[in-house]
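Below are the chains, spelled out letter by letter.
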Amino acid sequence: MKKKVFTILLGFLGMFSSCNQSDVIEEQVLTNYPQLMYLDNKGQISNQGDSLQQILSFGTLDDYENFKSYLRTLNKNELKIFFKKLRFRNIEEIAENADAELERIGTLSTSKDDFYKRYKRYVKKYENILVRNSSDTTDLSLYIPASNDEVIDKSIVSATKAIVVAGKVLKIPFSEEINSRDKNIFATEYQCVENKNAMNKAPLSSYEFERDWPLNGFIEKRGHKKTIFSCKVIKRKYVELHFGAQKKMWYGWKRDNDRNFFFATEALTGFKVEYNPLEIQKTSKGIIPIGLDLKGKVPYLEVYYFPSPYSPFAYLSNHDFKFGEVEIKYMQIPNISGKFFIWTDMMTGSDDIKYFSIPAGFPVLDKKRSIPCRVDITY
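These figures come from a predicted structure and were not determined experimentally. Throughout, a residue's number is its position along its own chain's written sequence, starting from 1. Since the coordinates come from a predicted model, pLDDT governs what is reported: local features require at least 70, and pairs of side-chain atoms require 80 or more to be given and counted, while whole-chain, interface and lining totals use all residues. To obtain the side-chain values, all non-hydrogen atoms of the structure were included, while hydrogens and water were left out.

**Focus on the sheet that holds strand β4 (residues 54–58)**
Two strands are counted as paired when DSSP detects at least two bridges linking them. Secondary structure elements are defined from DSSP: runs of H or I of at least 4 residues count as helices, runs of E of at least 2 residues count as strands, and each element is numbered from the N terminus. What the five strands build is an open sheet, ordered β3-β2-β4-β8-β9; its pairing is mixed. Sheet topology places β3 (45–46) and β9 (168–171) at the edges, where each strand pairs with a single neighbour. Across two bridges, the pairing between strand β2 (residues 35–39) and β3 is antiparallel. Bridging from a neighbouring strand, Leu 39 pairs with Ile 45 of β3.

Listed below in structure tokens is the structure:
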């Protein structure tokens, strides 16, 4: 059951140049498509089998490398459409289906004992395909395991975790640990904040002083909901944000896929934010808000930007999102600092902000209802 996770790597607006992203993608044409084959338990390749035995076959190593390069030009939705047309059920789709299956198990179970019998069979079914969170025994979700190329590997392999190149089966190495994106949210310790208020009440007002705010990350537990946030500096170059949500069923915690996240910033220092939320794109079809393509849909990075009554908010709909880069000044200790205010879609609305001051179609985000977090990182 997958907890909605968001990884935000700061520094990216170059994509919104005069060159239209969709034009770039269209120019990269895939000429040699892989063939869908099946790998049986004896390691034999055939033309028939079930979905868990699927394997992609490439004529040459160059075909395989070109295929990976092509996949990197596609966004998440385009990848799903591509592999659906190929009728290939990759490990990412297997994980999504496993998540939905765990939901059904929870619904159908008549008792805790009944659930755990079903759950034991469920874990056995996905053994050697998906992995549990070894850092949190209360987490019942199954995860895509870590690999060398976590962007591409989960797309090109099925349960076999292998490909075929020039007639030879090549295993794609996966570890027994959960992938790094999920690990940063669901297998990392953050400051735990207990909040007894309802989701639409004001957590910010429960802090008397800013010094009492969570520092660099938090897990906010409110009833049967958890909201998770963290900020990190990666490779002394990027600032990386992580967002996650969990919900508690009667049988345990699971990832909450239904949450949308919003955030605002204040007083950021030590890194450069490379976008302007008020910026717009000029196209042959007129002027459109940045973050939307010509059809009004999400662009390559699947991120919306829009102005707020206070400061920039971003609506996150993808795991990867570049936001800015650190600035290292001569003879100064490298440090980033600032304030973050985080909402989920369950925390929107306000008694104070007038609706006419909010752009049409955007949620009302009141700071008093946000979860605050101080950031102060020396790296």
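**Notes on the packing of aromatic side chains**
Whether two aromatic rings pair depends on their centres lying within 6.5 Å, for rings of Phe, Tyr and Trp, where Trp uses its six-membered ring; planes under 30 degrees apart make the pair stacked, over 60 edge-to-face, and the rest tilted. This structure, assessed with the given rule, holds 18 aromatic pairs. On the numbers, 6.3 Å between centres and 85° between planes, the contact of Phe 67 with Phe 83 is edge-to-face. With Phe 67 in helix α2 (residues 61–71) and Phe 83 in helix α3 (residues 76–86), this residue pair connects regions lying 16 residues apart in the sequence. Buried residues are those whose accessible area, probed at 1.4 Å on protein chains only, stays under 20% of the maximum for their type, while exposed residues exceed 50% and partly exposed ones sit between those limits. Relative accessible area serves as the criterion here: at 3%, Phe 83 is assigned to the buried category. Measuring from centroid to centroid gives 6.4 Å for Tyr 116 and Tyr 119, while their planes differ by 85°, and the two rings are edge-to-face. Here Tyr 116 pairs with Tyr 119, and both are found in helix α5 (residues 112–125), just three residues apart, close to one helical turn. Within the aromatic cluster, the residues linked to one another by ring pairs are Tyr 33, Phe 58, Tyr 64, Phe 67, Tyr 70, Phe 82, Phe 83 and Phe 88. The ring of Phe 209 is capped by Arg 211, whose NZ or CZ atom sits 4.1 Å from the centre of that ring. Looking at Lys 226, its charged tip hangs above the ring of Trp 253, at a distance of 4.3 Å from the centre. Geometrically, a lysine NZ or arginine CZ counts as sitting over a ring once it is within 6 Å of the ring centre and also within 35 degrees of the ring normal.

**Comments concerning the pairing of strand β24 (residues 335–344)**
The side chains of a regular strand alternate, residue by residue, between the two faces of the sheet. For β24, the tally of buried residues reaches eight of ten residues, placing the bulk of the element in the interior. With seven bridges connecting them, strand β16 (residues 261–269) and β24 associate as antiparallel partners. Directly across from Glu 266, in β24, lies its bridge partner Lys 339. Alignment of β24 against strand β25 (residues 371–378), held across eight bridges, turns out to be antiparallel. Following the sheet pairing, Ile 336 is matched in β25 by Ile 377.

**Points about the environment of Ala 95**
You can see Ala 95 is positioned in helix α4 (residues 91–108). Residue classification places Ala 95 among the buried residues on the basis of a relative accessible area of 0%. The sequence separation of Ala 95 and Tyr 126 amounts to 31 residues, and the corresponding C-alpha distance is 9.1 Å.

**Concerning the packing of α2 against α3**
In helix packing, the relevant descriptors are the interaxial angle and the interaxial distance, both defined with respect to the helix axes. The interhelical angle for the contact between α2 and α3, taken along N-to-C directions, is 135°, at an axis separation of 11 Å. As judged from the angle between their axes, α2 and α3 are oblique. Of α3, the residues touching α2 (which contributes Phe 67, Tyr 70 and Leu 71) are Leu 79, Phe 82 and Phe 83. When residues are grouped by polarity, Ala, Val, Leu, Ile, Met, Phe, Trp, Tyr, Cys and Pro land in nonpolar, Asp, Glu, Lys and Arg in charged, and all others, Gly among them, in polar. When grouped by side-chain class, the residues that make up the contact of α2 with α3 number six nonpolar, no polar and no charged. Simply put, an axis is a line fit to the C-alpha atoms, just over the touching stretch for a helix, and the angle between two N-to-C directions goes from 0 to 180 degrees. When describing relative orientation, an angle under 35 degrees is termed roughly parallel and one over 145 degrees roughly antiparallel, while 65 to 115 degrees is termed roughly perpendicular and anything else oblique. Contacts between residues were defined by any pair of non-hydrogen atoms, one from each residue, lying within 4.5 Å.

**Quick word on the side chain of Asp 136**
Here Asp 136 is to be found in the loop between β5 (131–132) and β6 (142–143). Under this rule, positive means Lys or Arg and negative means Asp or Glu; His and the chain ends count for nothing. Each reported salt bridge corresponds to a side-chain nitrogen of Lys or Arg within 4 Å of a carboxyl oxygen of Asp or Glu. For the buried Asp 136, which has no salt bridge, the nearest side chain bearing the opposite charge is Lys 226, at an N-O separation of 5.0 Å. In terms of polar contacts, Asp 136 uses its side chain to reach the side chain of Thr 138, at 2.6 Å. Side-chain atoms alone can form a polar contact between residues adjacent in sequence; in general such a contact is a pair of N or O atoms within 3.5 Å, and within protein one must be able to donate a hydrogen while the other accepts it.

**Comments concerning α2**
For α2, the full list of buried residues reads Asp 63, Tyr 64, Phe 67, Lys 68, Tyr 70 and Leu 71. Along the long axis of α2, the arc covered by the buried residues comes to 160°, so they all point the same way. Set apart from the buried face of α2 by more than 90 degrees, the exposed residues are Leu 61 and Asp 62. Turning to α2, the residues buried within the fold contact β4, α3, α6 (153–156) and β8 (162–165). Working definition: the arc comes from the directions between the helix axis and the C-beta atoms, pointing outward to the latter.

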